[in-house]
Every structure is written in C-alpha cells, then in structure tokens.
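What follows is each chain in one-letter form.
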Amino acid sequence: MSEHPVNDHIDNLLHERRVIAPPGDFVARARVSRGEYDQMYRRSLDDPDGFWSEVAGELAWMTPWERVLDWEEPHARWFVGGQTNVAYNALDRNVQAGRGDKRAIVWEGEDGEVRTLTYAELLREVSRAANALTALGVQKGDRVTLYLPLIPEAAVAMLACARIGAVHSVVFGGFSVSALADRITNAQSKVLITADAGQRRGSLVNLKANADEAARSAPSLEKMLVVCRADCGVPMQPGRDVWWHEALAAAGDEHEAAALDSEHPLFLLYTSGSTGQPKGVQHTTGGYMVGTYLTTRTVFDLREEDVYWCTADVGWVTGHSYSVYGPLLNGATVLMYEGAPNHPDWGRFWQLVEKHRVSILYTAPTAIRSFMRQGDAVPGRYDLSSLRLLGSVGEPINPEAWMWYWRVIGGGRCPVVDTWWQTETGAIMLTTLPGAHPSKPGSAGLPMFGVEPAIMTHAGEELGPDDGGLLVIKRPWPSMLRTIYGDDERYRKSYWSEIPHVYFAGDGARRDADGYVTVIGRVDDVLNVSGHRLGTMEIESALVAHPSVSEAAVVGRPDEVKGECVVAFVLPQSGQQVDPAALRAHVSREIGALARPDAIIVADALPKTRSGKIMRRFLRQIAAGQPVQGDTSTLEDPSVLDRLAATPTT
Ligand code: WTA
C-alpha cells in the first residue's frame, strides 16, 4: 500500500454542481423507475435470497440451487448446488424464445467488411467450436487461452469454452510475447486460440508470429487453433497447429451444453495489481451470469429493438461482461467493431452509429476526450439520431468530457450512465439507472442491486458525506471474483485484508448527501492509462530488465486525453547510456505498447527514505511539474528532489 494521494486532476470534480435530469419520455418508458429502484434496492439488501432467486429464476437451470449464498469470508458460493450453462442461456434459451432469426452479432472489420450472425447461426457456430475443442482433447475445467482480434470468432470461442466447461483466459491482442507466455504458463493452458493476424490502422498485427514465439516459453501448450482472419500465409507447425475453419468444418453443429456447477469457473482474466505479476482473476458460472444479465438489462434499459454497441475489446473485462455475456444473455443485437476509432479518420465511430443505427453506445472517457479534441464538426457530419442511451466506463470521466458526450453525441436527449466497476467485480457496481436517477457529471452514482458500498478510513471507520476515503463493499455480490487463480492467499491479502471484513476496491472515493459516489482514482500502485490497468511494478521490472538500467520508478501523471500517462525515472547502469527510444521499444516488447513510458527521466538518484523505500509521492509531483510538497525530512538525501526537478524529460 503506497501513500498515493487522490488524483489532483480530478480536483475540479469537487466543485461540480451540475445535475442533469433524464428526459421525460425516457423516464416514462424506463425499465426501472425511481420508485422501483428504491424498492428493488432495499429488497436486494433486506431479502437477498428472495431478490436473487427471482432474478436467477429468469434464466434456465439444469438443476435448481439449494441455497442462494454460502458466505465464509472471504469465499462466497452463489446459487449453491445449482447447475447451469452460460452459453446455453445466451444462445439456446434465446433461440427457444423465438430469437433464432434475430441478429446476435453484427460485426464490422476495419476495412468495412460486415458479417452478421443470428442467434440460430451463433448457436450452430458455437456448437461446432465446442465439438472441435472437445475433439482436440479439451475437457471440462481445462484452461484455454485466447489471443484474438475483435472478430466474431472471439465471442464464439469464449462461448464454446463456456459450453463445455473449459475456462477461457483471454489475453488482449496488444499484449507482447512475454506477457502472453506468462499468462499461458500461469494458467497452464494446453490450448491457445489465435488468428493469423488482426487489423489495426490499416496494417496487420501478427498475432500468430507472437503466439509462435510465446509457445517456445510456454511448455504447457500442446495445440494451437488458428483463425484465418487476414489470409496472410502464416506457417503452421504440424502436429500442433490446426486451422479453426478446418476444425469447425469437421465438427457437427449440434452440441448439448454441459450442466455445470454454479461455482464452476467460467474464466480467468489477468489484470494488474499493486505488486509483482498480473493476477488471474477467477469468475464462476452462476453468479457472473446472473450479475451481468441483470446489470445489462437495467443499466442499459435494454429493449428488443436496440442495437447495442460496447466498444471494448474482449481482452478486457468490459468486453467480457458487456460486449459478449451480458447483452447476449439478454438476447440483444450486439455491434462489434474490430478496428481503431480513428481509422480511416475520427468520424469512424459516428459512421458506424449511423450505418448500423446504434441505439446504445458504451465507451471509455479516453475515447470521448480524444473525440472532443477533434471538435464538434466531426460527429456533426453524421446522423446520430438512433442513439438513445450513452455509457462510460473504465476511468473517472471529467465533467467537461461528460457534458460534451451528453450534448454533442447524445444531442442532449440521451441519458449518460457512468458505470464504476472492476475486473474483480465482474459487473457494474455503481451508476445511475437511466430512467430513474438524475446524473451528476463526474460522479458514478448509486449502488446497483445487492451492492452495499461505504467510504472508509484505513482503520475501517466509515466516513460521512463528502469525506474522501477508501471505497469498500460491505457484503458479497453474485458476480464477484472468487479467487486469484492459483494464489488464494493473494486474493485474501489484496481484497479482504486491507480493512477487515470488507472488500477493498483499491480506489479512493467520496459519497455525497444523496448517496452518489464519486470515484477519484486508484490509491494503490496501479495506473489507469486510457482506461487500461497497469501495475507500476510491472513496468519497473520491465525497465530494469534492460541492460542500460540499474533502477527504475514509475509513476502516473495526469493526462488530458489518457487520464493518466506513464512517467519513468531511471538510473543508468554504471558506464551505460540510456537510450529512451530503445527503452520504450523494450517495454513494448516486454509488456505491450500500452505500457510504453510517455516520459523518461534519466536520474542520478531516486528519493528514498533511510530504509530504502522510494517516495513515489514526490516523484508524482515532479512528474506533474508541480513544486514538491510534504515532509521531505525522512529522505536520506532531500537534495535529490531538486536535481530531479531540474532534469529534462525525454
Ligand atoms: C477505474 C474496468 C471511475 C477504477 C471495468 C477501477 C473507474 C478500475 C470507473 C478497474 C468509473 C472503472 N469511474 N473510475 N466509472 N470505471 N474505473 O479492472 O480505478 O480494468 O478500480 O475494470 O478502473 O479497472 P478494470
């Protein structure tokens, strides 16, 4: 735990007073009204068994649960004894309900190619993939790593794993060879599903080449299933590599979904923590299914005729819960777009909205701020009248960006839901329901059903209105993570030990007199760069692995577009020159381009206490170009600070 202050750049939030009421016609048709929210929320806390039984009962179970919750802190088991299947609920159930011919996935590639899969087609495709995985020897409980572009096959592969009870672990396609190898090895995956290449800004991203290299240092790997996306002639290793289309063509298109225990693991998703290696956050079947189902329907006010677009890649939790599972469980039509938001130009998102008549758009503040910079004229060229609801996720949204999103993209007629949640929480935890609550730009809002948040001090004292403190959750919820894969001790330590008997989120927050929670930012050594979580330690260990660097300290610096950017202080190895360009390339190779430092400061010393601890607080101030404030007397050599402040940044 570091001495991380609340992010100063969010300071203006403290002075934000605007309140935006939802439009009257939205309120009139809202799925959940103000009164219904109050009543449902109360019931979810007072009678959780009754509340969650009703929600879970809307989905199909092969065996009914015996108890709603077993809670032995910090381990929860939800819908105990029940058996179900998430893919069955997302596909077979919707086909049976008459949605067979409804579009499930509408996909557009960066080059403009469009592919559509109805629920019936998606069910057949997933069934084939499930049969193909089984034929490859994948069994219930086996981990399967996915390293794919954002193409329909990514959703098909996830659902196929879910169908047979294999545990998927999706690794974002922008991660490097060694990040991929580490994740395959940690999960002990025998099978990797990848593609020859993806497309990004007109060029090819050579996933298969990375996968081949990763396989050399991932001994658990036995088979590679390769989607032919770009048809770019990649080498296939006989005995190991199998083409996806060949494997699926050889497989039958009928498959009976496995009846899985409610607590059977559904997926692992690696995310950054404050220390060491990324952790494999483990989610399970029943609770995650119920949580994503309910939140998608209520937060996005989902209706049969909606075209729903969450812009997140499936490599992140938002892509899991709100590009794939949540909307498909609700029988929605999901738009998926493979490419960059600025390809061929900054109008691409708006062109997609116009062309596909998108009605619900869910994206990240970083994207919104980038669009804002391009000016109102770009979206102004497109017909955005199909939009009726906007969402934001992944990082704090500053009120200016919120207002721009609401005014320019939403035309002042679409409610904006700012949703706070985490990889670990599985589903949205805090937001305003669009037809029930007014929005306060910059504040995520109120707890979702069953979520009991509090703002506490480190000592576990609950704070009153407007006091800044640590955001915690006071009771278990269905879609919560169950453990860190292979490291239950780390699970206990990271989430349930910081403050006794509550879930510690790692964020700083305030709650106002109306109960609206404003999340300010991480209080641990996790950075949030463009909505992506990065551990400072991970980047530091990548830096010191370079021969020219002897020591490194990484901090975040407020950034107008990315929210936060990476600043690295490095000490050269004696007799060596640090080449910033080479160092950036090195970090890209070690972790991925998203971790590349924006600024590198080559220093001769770091501010350390006498016991050797680096005082990052001072580094953050220097990185932000602010005067150093605070007690410097514990430093071994306070003069380091002046020298650092005078050092040029590269
Ligand atoms: C941050 C992404 C403010 C927060 C779903 C959290 C937010 C971390 C918001 C989780 C929001 C996410 N307002 N901050 N609406 N949403 N965060 O695991 O710091 O990639 O702890 O999950 O993002 O990031 P993760």
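Residue numbering note: each chain is counted from 1, following its sequence as written. Given that the model is predicted, a residue must reach a pLDDT of at least 70 before its local features are reported, and side-chain atom pairs must reach 80 or more before they are shown or counted; all residues, however, enter totals for whole chains, interfaces and linings. Side-chain calculation: all heavy atoms of the structure are included, whereas hydrogens and water are not.

The name given to the protein chain in an unreviewed UniProt entry is Acetyl-coenzyme A synthetase, with the source organism recorded as Deinococcus budaensis. UniProt positions are given in the numbering used here, feature names are shortened, and annotations may be inferred rather than shown by experiment. Here the protein chain is described in UniProt, under the heading Sequence similarities (unreviewed entry), as follows: "Belongs to the ATP-dependent AMP-binding enzyme family." Word for word, the UniProt comment on the protein chain under Cofactor (unreviewed entry) is "Mg(2+)".

Caption draft 1: Layout of the pairing of strand β5 (residues 114–118). Sheet analysis places strand β4 (residues 103–108) next to β5, joined by five bridges and oriented antiparallel. Residue pairing for β5: Trp107 is matched across the bridge by Arg115. Linking β4 to β5, which pair antiparallel, is a turn of five residues; within it Gly112 sits at a positive phi near 95°. Strands are treated as partners if at least two bridges between them are detected by DSSP. Elements are defined by DSSP. Helices are runs of H or I of four residues or more, strands are runs of E of two residues or more, and each kind is numbered from the N terminus.

Caption draft 2: Main features of the UniProt feature "binding site: Mg(2+)" (unreviewed entry) in the protein chain. In the UniProt entry, the feature "binding site: Mg(2+)" (unreviewed entry) is given for Val544, His546 and Val549. Inspection of the secondary structure assignment puts Val544 in helix α18 (residues 536–544). Relative accessible area serves as the criterion here: at 37%, Val544 is assigned to the partly exposed category. Only heavy atoms matter for contacts: two residues are in contact if any of them lie within 4.5 Å across the pair. Contacts of Val544, omitting those with residues within four sequence positions, involve Val549, Ser550, Glu551 and Ala552. For His546, the location among the structural elements is in the loop between α18 and β30 (549–559). Discounting chain neighbours no more than four positions away, the residues touching His546 are Leu583 and His586. In this scheme, a residue with accessible area under 20% of its type's maximum is buried, one over 50% is exposed, and one in between is partly exposed, where area comes from a 1.4 Å probe on protein chains only.

Caption draft 3: Focus on the side chain of His320. Mapped onto the secondary structure, His320 falls in helix α12 (residues 317–329). Assessed through its relative accessible area of 0%, His320 is described here as buried. Apart from residues lying up to four places away in sequence, His320 is in contact with Met158, His168, Val170, Phe267, Leu269, Tyr288, Val314 and Tyr325.

Caption draft 4: Geometry of the sheet that holds strand β26 (residues 503–511). The strand order across the open sheet built from four strands is β23-β24-β26-β27, with neighbouring strands paired in antiparallel fashion. Edge strands, defined here as strands with exactly one partner in the open sheet, are β23 (453–456) and β27 (517–522). The average undirected angle you get between the axes of adjacent strands in this sheet is 45°. Lines fitted to C-alpha atoms define the axes here, with helix axes fitted over just the stretch in contact, and angles between the N-to-C directions of these axes take values from 0 to 180 degrees.

Caption draft 5: Up close: α18. Within α18 the residues assigned to the buried category are Thr536, Glu538, Ile539, Glu540, Ala542 and Leu543. If you follow the buried residues of α18, they end up packed against β28 (526–529), β29 (532–535), β30, β31 (563–572), α19 (580–590) and α20 (616–623).

Caption draft 6: The site of the ligand, seen in detail. The full set close to the ligand counts 17 residues, and Asp418, Thr419, Thr423, Asp507 and Arg533 are the nearest of them. Whenever a nitrogen or oxygen atom comes within 3.5 Å of another N or O atom, the pair is scored as a polar contact, on the condition that within protein one atom can donate a hydrogen and the other can accept it, and that pairs from neighbouring residues in sequence are kept only if both atoms are in side chains. Within the backbone of Thr419, an N or O atom sits 2.7 Å from a nitrogen atom of the ligand. A distance of 3.2 Å separates an oxygen atom of the ligand from a polar side-chain atom of Asn528. At the level of secondary structure, the elements contributing two or more residues to the shell around the ligand comprise α12, β20 (416–419) and β27. Residue composition of the shell around the ligand, by class: six nonpolar, six polar and five charged. It suffices for a single heavy atom of a residue to lie within 4 Å of a molecule or strand for the residue to be listed as near it. As a working rule, the residues Ala, Val, Leu, Ile, Met, Phe, Trp, Tyr, Cys and Pro are called nonpolar, Asp, Glu, Lys and Arg charged, and the rest polar, with Gly in that last group.

Caption draft 7: Broad picture of the sheet that holds strand β7 (residues 167–170). Read from one edge to the other, the open sheet built from eight strands follows the order β12-β11-β8-β6-β7-β14-β15-β25, with strand pairing classed as mixed. Strand pairing shows two members of the sheet lacking a second neighbour, β12 (241–243) and β25 (483–484), which therefore form its edges. The pairing of strand β8 (residues 191–195) with strand β11 (residues 223–227) spans five bridges and is classified as parallel. Paired with Leu192 across the two strands is Met224, which belongs to β11.

Caption draft 8: A look at the pattern of salt bridges. Note on definitions: salt bridges are taken to be side-chain nitrogens of Lys or Arg within 4 Å of carboxyl oxygens of Asp or Glu. Tallying each qualifying case throughout the model produces 40 salt bridges. Close ionic contact of Glu304 with Arg99 constitutes a salt bridge, the shortest N to O distance being 2.8 Å. You can see Glu304 sitting in the loop between α11 (285–299) and β16 (307–310) and its partner Arg99 sitting in helix α5 (residues 92–99), a full 205 residues away along the chain. Exposure remark for Glu304: the relative accessible area of 42% places this residue in the partly exposed category. Arg99 gets classed as buried once you look at its relative accessible area, which sits at 19%.

Caption draft 9: Fine view of the environment of Leu180. With respect to the helices and strands, the residue Leu180 is situated in helix α8 (residues 177–187). Judged by its relative accessible area of 0%, Leu180 is buried. Through-space distance from the C-alpha of Leu180 to that of Ser574 is 32 Å; in sequence the pair is 394 residues apart. Leave out the neighbours within four places in its chain, and Leu180 touches Thr145, Tyr147, Val171, Leu192, Asn210, Ala211 and Ala214.

Caption draft 10: Geometry of the packing of α5 against helix α6 (residues 119–135). Contact pair α5 / α6: the axes reach a minimum separation of 9 Å and the direction vectors enclose 155°. Considering the angle they form, α5 stands roughly antiparallel to α6. In this structure, α5 crosses over α6, and the sense of that crossing is left-handed. Between α5, through Asp92, Asn94, Val95 and Arg99, and α6, the contact on the second element is made entirely by Tyr119, Ala120 and Leu123. Working rule for angles: under 35 degrees goes down as roughly parallel, over 145 as roughly antiparallel, 65 to 115 as roughly perpendicular, anything else as oblique. Crossing handedness is read from the near helix: turned anticlockwise from the far helix by less than a right angle, it gives a left-handed crossing, and turned clockwise, a right-handed one.

Caption draft 11: Quick look at the UniProt feature "domain: AMP-binding enzyme C-terminal" (unreviewed entry) in the protein chain. When the UniProt feature table is mapped onto this chain, "domain: AMP-binding enzyme C-terminal" (unreviewed entry) is found at residues 538–613. Taken end to end, residues 538–613 is 24% helix and 33% strand, and its two terminal C-alpha atoms sit 17 Å from one another.

Caption draft 12: Structural view of the nonpolar core. Ranked by size, the top nonpolar core spans 158 residues in total, and within it Leu122, Ile193 and Phe300 carry the most contacts. Per-element tally for this core: the top contributor is helix α7 (residues 152–164), with 10 residues. When sequence neighbours within four positions are dropped, the list of residues in contact with Leu122 reads Leu91, Ala104, Ile105, Leu117, Val156, Leu159 and Leu328. Among buried residues, the Ala, Val, Leu, Ile, Met, Phe, Trp, Tyr and Cys ones that are joined through side-chain atoms within 4.5 Å form a nonpolar core.

Caption draft 13: How the structure looks around the packing of aromatic side chains. Aromatic pairing here means that ring centres of Phe, Tyr or Trp (its six-membered ring) are within 6.5 Å. Orientation follows from the plane angle: under 30 degrees is stacked, over 60 is edge-to-face, and everything else is tilted. Here the structure, examined in full by the defined rule, presents 32 aromatic pairs. For the pair Phe349 and Trp350, a centre-to-centre distance of 6.2 Å together with 80° between the ring planes defines the contact as edge-to-face. Take Phe349 and Trp350: they sit in the same class, and that class is buried. Ring geometry for Trp496 against Tyr503: centres 5.9 Å apart, planes inclined by 65°, an arrangement best described as edge-to-face. With respect to class, Trp496 is no different from Tyr503; both count as buried. These aromatic residues form a ring-pair network of at least three members: Tyr37, Tyr41, Phe51, Trp52, Trp61, Trp65, Trp78, Phe79 and Phe449. Of note, Lys440 hangs over the ring of Tyr516, and the distance from its end group to the ring centre comes to 4.4 Å. We call a charge positioned above a ring when the Lys NZ or Arg CZ atom is no farther than 6 Å from the ring centre and deviates by at most 35 degrees from the ring normal.

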